[in-house]
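# Summary of the model geometry
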Amino acid sequence: MKRIGIFLAEGFEEIEALTVADICRRCGLDVQLVSVSEERWVSGSHGITVQADQIFSQVDFSAVDMVVLPGGMPGTKNLEAHEGLMAQVDAFHAAGRYVAAICAAPSILGHRGILKGKKACSYPGFESHLEGAEVTEGPVEIADHVITSRGMGTAIDFALAIAGIFCGREKAEEMAGSIVYRN
């Protein structure tokens, strides 16, 4: 079973993180919410507190197939400030393993040079941080092993794209229908 790690820092965008967790778990994927601090409880940018499944120091990255970075402020800045997580993002990219980011979080990938020569999207106003990317206004962009999305309003598209990678397009479309998304 494929494992997805969704990394939570104080101030993360709740809908972006939890939509991916919910839809991917419904598709049968192993999804772990991971706190980048040593505390399991993490507060989102809108005051919703979530209990993570793991803390960062517990993660076996060799068993993770995708790193997901939700946006939100100051969550995005807090993710980017975590040196251990950034080392893993770089390692995943270098190895051609999946990295996904939504909303403001694609800026992290841009700052690290991961988006050079790739189509990418982000929350409006963060496009200048997508260094070297071919910036689009699409809801989701998949460029090799890098997935980006624009924000809370595209969270379902983002989650379905991730599910489609690991479960197949047909399963993702079936899921879209079962949640009454695209009828």
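Note: the structure precedes this text.
Residues numbered from 1 in each chain as written. Predicted model: local features only at pLDDT ≥ 70, side-chain atom pairs only at ≥ 80, totals over all residues. Heavy atoms only, no water.

Here we come to the packing of aromatic side chains. Evaluation of the coordinates by the stated rule reveals six aromatic pairs. Aromatic side chains Phe 7 and Phe 61 sit 5.8 Å apart centroid to centroid with 10° between the ring planes, which places their arrangement in the stacked category. Pair noted here: Phe 7 is in strand β1 (residues 3–8) and Phe 61 is in the loop between β5 (54–55) and β6 (66–69), with a separation of 54 residues, a long-range link. Taken together, the ring pairs in this structure connect Phe 7, Phe 56, Phe 61 and Phe 92 into an aromatic cluster. (Phe/Tyr/Trp six-rings, centres within 6.5 Å; stacked < 30°, edge-to-face > 60°. Helix = DSSP H or I, 4+ residues; strand = E, 2+ residues; numbered from the N terminus.)

Attention now moves to the pattern of salt bridges. Scanning the model with the defined rule gives four salt bridges in all. The shortest N-O distance in the salt bridge between Arg 3 and Asp 30 comes to 2.7 Å. Within this pair, whereas Arg 3 is found in strand β1, its partner Asp 30 is found in strand β2 (residues 30–35), the two being separated by 27 residues in sequence. Residues Asp 90 and Arg 112 are paired through a salt bridge, measuring 2.7 Å at the closest nitrogen-oxygen approach. With Asp 90 in helix α3 (residues 83–94) and Arg 112 in the loop between α4 (106–111) and β8 (119–120), this residue pair connects regions lying 22 residues apart in the sequence. Given the relative accessible area of 30%, Asp 90 is considered partly exposed. (Salt bridge = Lys/Arg side-chain N within 4 Å of Asp/Glu carboxyl O. Buried < 20%, exposed > 50% of the residue type's maximum accessible area, 1.4 Å probe, protein only.)

Nothing here speaks to function; it is all geometry.
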